Amino acid sequence: DCMSLDGYGCKLQLDILGCNPFAQTGRSKLQNKRASLNQQIIKQMRMRAGAENLLKATSNNKVKEMVLLELSYVNSNLQLLMGQLEGLNSSVEVYQNAHETANIPLIALGLKETKDMDFSTPFKDFILEHYSEDGSNFEDEISDLMDLRQACRTPSRNEAGVELLAKYFSHLPLIESRFFSPTRQTGIFFTWYDSFTGVPVCQQNLSLEKASILFNMGALYSQIGTRCDRQTIVGLEEAISAFQKAAGTLNHLKETFTHTPSYDMSPAMLSMLIRMMLAQAQECLFEKTALPGIRNQFYSLLKMAQEAAKVSEIYDQVHQSMIQTPIKDNVPLLWSTMAQIKTNHYRSMAHFFVASALLDHQLGPSDDEDQQEKTLSQVYDRIPDGRSPLDILKKKDERDRIGKAHIRKAILGHEEALRIYSLCHNNQMDVLEEILKASHQRSLHKYSENENEDEFTDYMEAPDIISKTEHKAEMEVPATTKVKVTDFFQRLGPLAVFSAKQRWTAPRTIRLRPEDRDLGFTLKGETPVQVVSLDPLCPAAADGLKEGDYIVAVGDTDCKWMGVSEVMRLLKDVNEEGIDIQVVSMMESNPPMPTKSATFCGNLPKTYSMICLAHDDDDNNPKARKVTKKPSFLSWGLKNKLKSVSTLSLPTADHSGALPWNKPCPTFPSSSSYNNDSALY
């Protein structure tokens, strides 16, 4: 629960679930550092904008020299701050499961940060001017909305946190309809910081707010996925679902908000992030298949080889998208390094599995020759030197030769993965290094088992393995993106009528005096009711009632939400003295004017837009801001010797020798167990 304390009333607010602003977890500390870095970045950008303006304005050479010197310091500081932000995005170990020692780390997205918002003054003013009601009567509703938005800055890493974000996201269209008119500006600036660069972006409409909340929902799903216990089937299924939902949410963002000015939400960057989430889901699907143990059988080994090749193929696509300009300039180096490592690692595993199938198994009299031939032919796109799958299966020399070629290729791939890891500046992923080394040792051990000193050196190239999976990771749009909520401002009346795009006269008081129990008009509509068939000679018409007026109150009773029967019930017992009603008339709306200063965003190589730089962090009064409005620009475009062996398992960094699930044949044996004759891999 989110708890806030009022200094006088000690008011406890315990109704916002999914929020924990006082958590002192590694993840929350990381997010606090991100917020601090964002503030430092915008201060440096303000200084740079001022220095650049001074440089343009002055003709004094001495002043120019001083300004250029100051600019060099500011640009150096910006580079340092953005380097620190990249370091935060590279801190993948913070998001992993606390007991994770046996799986390769996964990447989580950090949450976008925003500035505090004060809706009080602009909303109260709008309620008074547009709805002709006292804005102070809606202080509780405005406060609830602000509390909900503030809680969304610190969502808990579970479904409750996602539902909290979804709840606020579902409120935004209602808020937009109530307060954001196409013919006037509210003076509210929504500011969000780029997740990768820290550059702030401002907008006066709600598109940026909606897009940023969706991005954080996808990011939160990715953090949930990395937190799952991948040593259990249930944990892996949760991780798969979370990453697929992350991909689905980000894809929904990409398709819905196509011109978001923040680069972390550009189509190119979102496409890369979607691929990365699906790659991690596919990796978890592979781990789920391997968790019970891989059967040391010809068919099982070839099946796992193709599954591993599929994971490698998807990570290769992720890496290729990460190294494209301008994505490579914004994505942390660790991310592209991880994708490259996994591409090589899983490709090497695929070659190891094929090598094991060929070297450790021979075609016996009881084996189905046709089935094995068909299975092997589906693994290869082409077979070198014109060999047929049946030749390989029947001739031991050919079988051993191609098997050794696969194991050599596996060794080379593992060595390449270790080389790439050694170039990475992040030394906090010891688990990854140990898994890579264990895999390398397994392949070396397999090669030494089958090495014959009398044989001449054969440099045959192993054929590529066709990737194939029985369970492909797919995008999944979570149901939580659409949550049914109650309008905070429903007291203003039905939204279909009482919205920001409609215009009315101020409420008028009409005295109703029935003549022979006839009011002189009839009512129609749902809520609110509308006056029709008005007798122009009746007293109500003389008092100012017009055809098409909406009745908003009868006496002291608000009837914006009442239907015809309920209003007639209030009017049927009117005595001779009559009763006062309040009505409003619909006015013709003016043609919408173009939205001014819709978007302001920072582009690092250029001077930052003054709208963001002019904001004082402590100044929450929108009326106090004097800003030069600029036109919107949306120019953003990253042989086992014991034949009784029964199972095969993946390497791990676990040193205990016994993993907590305590299976007789663990799927992830110790990294030092590559020479254990009781397990193949």
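For clarity, every value in this text was computed on a predicted model and none was experimentally measured.

In terms of regular secondary structure, the chain is built from 18 helices and 13 strands. Counting every position in the chain, which comprises 681 residues, the buried fraction comes to 52%. When the accessible surface of the chain is totalled, it reaches about 31500 Å², and 50% of it is carbon and sulfur.

Before going further, it helps to examine the nonpolar core. Of all hydrophobic cores here, the largest spans 134 residues; its most connected members are Leu273 and Phe489. By residue number, the principal contributor to this core is helix 11 (residues 333-359), which donates 15 residues. Not counting residues within four places of it along the chain, the set of residues in contact with leucine 273 comprises Leu109, Phe196, Phe215, Leu250, Asp264 and Trp335. Of all hydrophobic cores here, the second largest spans 21 residues; its members include Val529, Ala541, Cys559 and Met562.

Both faces of strand 2 (residues 200-203) are covered, namely the face carrying Pro200 and Cys202 and the face carrying Val201 and Gln203. Sheet topology note: the strand 1 (residues 190-193)/strand 2 ladder contains 4 bridges and is antiparallel. Bridged to phenylalanine 190 within strand 2 is glutamine 203. Joining the antiparallel neighbours strand 1 and strand 2 is a turn of 6 residues, in which glycine 198 adopts a positive phi near 80°.

Turning our attention to the confidence of the model for the chain. When pLDDT drops low, the exact placement of atoms in the prediction is not to be read closely. Within the chain, residue pLDDT values average 78, and 76% of them lie at 70 or more. The low-confidence segment residues 592-646 (pLDDT under 50) makes 139 contacts with residues lying over four places distant or belonging to another chain. Counting contacts from residues 657-681, a segment whose pLDDT is below 50, to residues more than four positions away or on other chains yields 67 contacts.

Turning our attention to the environment of arginine 230. With respect to the helices and strands, arginine 230 occurs in the loop between helix 6 (207-227) and helix 7 (233-256). Judged by its relative accessible area of 0%, arginine 230 falls in the buried class. Placed 61 residues apart in sequence, arginine 230 and leucine 291 show a C-alpha to C-alpha distance of 9.0 Å. Looking at arginine 230, its side chain comes within polar contact range of the main-chain oxygen of isoleucine 104, at 3.0 Å.

Calculation criteria
Residues numbered from 1 in each chain as written. Predicted model: local features only at pLDDT ≥ 70, side-chain atom pairs only at ≥ 80, totals over all residues. Heavy atoms only, no water. Helix = DSSP H or I, 4+ residues; strand = E, 2+ residues; numbered from the N terminus. Buried < 20%, exposed > 50% of the residue type's maximum accessible area, 1.4 Å probe, protein only. Areas by Shrake-Rupley, 256 points an atom, 1.4 Å probe, with all protein chains shown as cover. Core = buried A, V, L, I, M, F, W, Y, C linked by side-chain atoms within 4.5 Å. Contact = heavy atoms within 4.5 Å. Pairing = 2+ DSSP bridges. pLDDT = per-residue confidence, 0-100. Polar contact = N/O pair within 3.5 Å; in protein donor to acceptor, adjacent residues only side chain to side chain.

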